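Commentary on secondary and tertiary structure
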Amino acid sequence: MRIAIIGAGIAGLSAGRALQAAGIDSVVFDKGRGPGGRMVSKRTEYGAIDLGAQYFTARDGEFRAAVDEWQSAGVVAPWPVNPLVLPERQPARPETRLVAVPRMSALARHLADGLDVQSGIQVSEITRELSGWVLSGRHGESLGEFDALLLTAPAPQTQSLLAEPCPRLAARAAASRMQPCWSVGLVLERPLEVDFDAGFPSSGPLGWVARSGSRPDRPHLPEIWTLHATAAWSEANIEWSPEAVGEYLSTAFAELIRQTPLVTARIAHRWRFARARGALAESVGYLEHEDVLCAGDWVTDGRVEGAWRSGRAAARRLVNRLMERSGQGGG
Ligand code: FAD
Ligand code: NAD
């Protein structure tokens, strides 16, 4: 069975790994420069900055077992942080917060190792032919013919890819709303004198602030803070320039901490589809119609753990289908 996975985020990679463990090859296409999707770090002249997912939690037993393996492999470590709700300074719910080391993209690199991941390739069209599913790239070039597809792109992107060839799944994807997030890496001339490393601002344009160097294996200098705007602010100002967003959010940060930090650089990144607020909470973990499956955080619960679980469940479904088919062939 020729299987294509669209998206090398945590869902696509966990699916690729689960298929590989069952002895089944797949090709993973991703339009990004490397694997990771929303769990990535941006390389800058000041070092790598975690501008996407900030940490993850592990609540389910299977995911905890995977996390244990990653910890043994040295790609994941707990982040001993006690975020405060600001400015009230109440502690947030205590949790084991995990990060990849030495940067968030390290986990994706680890999962991608040994898989056929084709980065820098955007799947632009899917067509159904008698011989299978044909994927085409941005310039109309064929990317190959496949018996089964697993789409793990964010819901709106999956929806537009499936609108023609699989309207039933496209309609399911349309039901999952995704919100944007403006994220800023604030590089400072000297360390800030504040007594917390991460916080959830309870009002204003910011929803999350965190000191990079407080995460395991990150350099302490230069001091870098990650600032995330709330979904509402990001939505209202989605078309602002990165410069304007960087300036506005660093002013909001200065007001929050009641200090004016000396800023060396502001690196802003716009995530158009950051947070799957209306995730489908699909109990089996994936969507399916004929030989097309969908997985990703938007199918489950909008978190790194949910994305991993979803990709794995979809891969298991594909393995079962393959076994059913070979059983039929043999009988
Ligand atoms: P993605 O990571 O989005 O992967 C999908 C991939 O598909 C992408 O790599 C994309 O390039 C690719 N793709 C899309 N279209 C195409 C195409 N046409 N052709 C080829 N490739 C394509 N979660 C937490 O648990 N904790 C957090 O603290 C947290 N913070 C976050 C902060 C931010 C700013 C953001 C953006 C997200 C955060 N999340 C957090 C959410 C978390 O990052 C996601 O739940 C998870 O990474 C989703 O993984 P995924 O594989 O489902 O999707
Ligand atoms: P979660 O959503 O249960 O939150 C994890 C911890 O954050 C808990 O301790 C919770 O009490 C605390 N928390 C979250 N929002 C808070 C707030 N406004 N005020 C006080 N405390 C708050 O755990 P999860 O499902 O593992 O998600 C991890 C984090 O990722 C969450 O904070 C979630 O909001 C965030 N996230 C952000 C984006 C984004 O686009 N910025 C996207 C997806 C998830």
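Residues numbered from 1 in each chain as written. Chains lettered and ligands numbered in written order. Predicted model: local features only at pLDDT ≥ 70, side-chain atom pairs only at ≥ 80, totals over all residues. Heavy atoms only, no water.

- The protein carries the name FAD-dependent oxidoreductase in an unreviewed UniProt entry, which gives Spiribacter onubensis as its organism.

1. Quick look at unusual backbone geometry
- In this model, Leu 86 is joined to Pro 87 through a cis peptide bond whose omega is 5°.
- Structurally, Pro 87 can be placed in the loop between strand E6 (84-86) and strand E7 (90-91).
- At the junction of Leu 221 and Pro 222, the peptide bond is cis and its omega measures out at -5° in the coordinates.
- Residue placement: Pro 222 occurs in the loop between strand E16 (206-211) and strand E17 (224-229).
- The backbone phi angle of Arg 89 is positive, close to 70°, even though this residue is not glycine.
- Note that Arg 89 resides in the loop between E6 and E7.
- Despite not being glycine, Ala 281 has its phi angle at roughly 50°, a positive value. (Helix = DSSP H or I, 4+ residues; strand = E, 2+ residues; numbered from the N terminus.)

2. Topic: the site of ligand 2
- Neighbouring ligand 2 are 15 residues, the closest being Thr 57, Arg 93, Arg 97, Arg 275 and Arg 303.
- At 3.2 Å, a side-chain N or O of Arg 59 approaches an oxygen atom of ligand 2.
- Contact between ligand 2 and Arg 275: an oxygen atom at 3.0 Å from a side-chain N or O atom of the residue.
- The protein chains hide 68% of the 770 Å² of surface that ligand 2 would expose on its own.
- Among the residues making up the shell around ligand 2, the classes are represented as six nonpolar, three polar and six charged. (Near = heavy atom within 4 Å. Polar contact = N/O pair within 3.5 Å; in protein donor to acceptor, adjacent residues only side chain to side chain. Areas by Shrake-Rupley, 256 points an atom, 1.4 Å probe, with all protein chains shown as cover. Nonpolar A, V, L, I, M, F, W, Y, C, P; charged D, E, K, R; others polar.)

3. Comments concerning the packing of helix H1 (residues 10-21) against helix H3 (residues 105-112)
- Close contact between H1 and H3 brings their axes to 9 Å; oriented N to C, the two are set at 25°. Relative to H3, the element H1 is oriented roughly parallel. Where H1 crosses over H3, the two elements pack in a sense that is left-handed. Together, Ile 10, Leu 13 and Arg 17 of H1 and Leu 107, Ala 108, His 110, Leu 111 and Ala 112 of H3 make up the contact between the two elements. (Axes fitted to C-alpha atoms, helices over the stretch in contact; angles between N-to-C directions. Parallel < 35°, antiparallel > 145°, perpendicular 65-115°, else oblique. Left-handed = near helix turned anticlockwise from the far one by under 90°. Contact = heavy atoms within 4.5 Å.)

4. Looking at the sheet that holds strand E19 (residues 287-289)
- The strand order across the open sheet built from six strands is E9-E2-E1-E13-E20-E19, with neighbouring strands paired in mixed fashion. A strand with exactly one partner marks an edge of an open sheet, and here the two such strands are strand E9 (116-119) and E19. Taking the axes of each pair of neighbouring strands and ignoring which way they run, one obtains an average angle of 20° across the sheet.
- Inspection of the sheet shows strand E2 (residues 27-30) paired to E9 by four bridges, in the parallel sense. Looking at E9, one finds that Phe 29 is bridged to Gln 118. (Pairing = 2+ DSSP bridges.)

5. Observations regarding the environment of Pro 261
- You can see Pro 261 is positioned in the loop between helix H7 (242-257) and strand E18 (263-275).
- Taking the relative accessible area as the measure of exposure, Pro 261 reaches 13% and is therefore buried.
- Along the primary structure Pro 261 and Leu 192 are separated by 69 residues, whereas in three dimensions their C-alpha atoms are 7.0 Å apart.
- Once residues lying within four places of it in the same chain are set aside, the contact partners of Pro 261 are Leu 188, Leu 192 and Ala 254. (Buried < 20%, exposed > 50% of the residue type's maximum accessible area, 1.4 Å probe, protein only.)

6. Describing the site of ligand 1
- Taken together, 34 residues surround ligand 1, and among them Asp 30, Arg 38, Tyr 55, Val 123 and Asp 297 come closest.
- Within the side chain of Arg 38, a nitrogen or oxygen atom sits 2.8 Å from an oxygen atom of ligand 1.
- With respect to ligand 1, the backbone of Tyr 55 contributes an N or O atom lying 2.6 Å from a nitrogen atom.
- Protein contacts shield 90% of the accessible area of ligand 1, which totals 1000 Å² for the unbound molecule.
- Among the elements of the structure, H1, E2, helix H4 (155-162), E18 and helix H8 (304-330) are those that each provide at least two residues to the shell around ligand 1.
- Taken together, the residues of the shell around ligand 1 sort by class into 17 nonpolar, 12 polar and five charged.
- Lining the shell around ligand 1 are residues from two domains, each supplying at least three of them: domain 1 (3-53 + 105-177 + 278-330) and domain 2 (179-275). (Domains from an automatic or database assignment.)

7. Some points on the sheet that holds strand E14 (residues 179-188)
- A sheet is described by the order of its strands in space; here seven strands give the open sequence E7-E6-E15-E16-E17-E14-E18, paired in mixed fashion. Where the open sheet ends on each side, the last strands, each with one partner, are E7 and E18.

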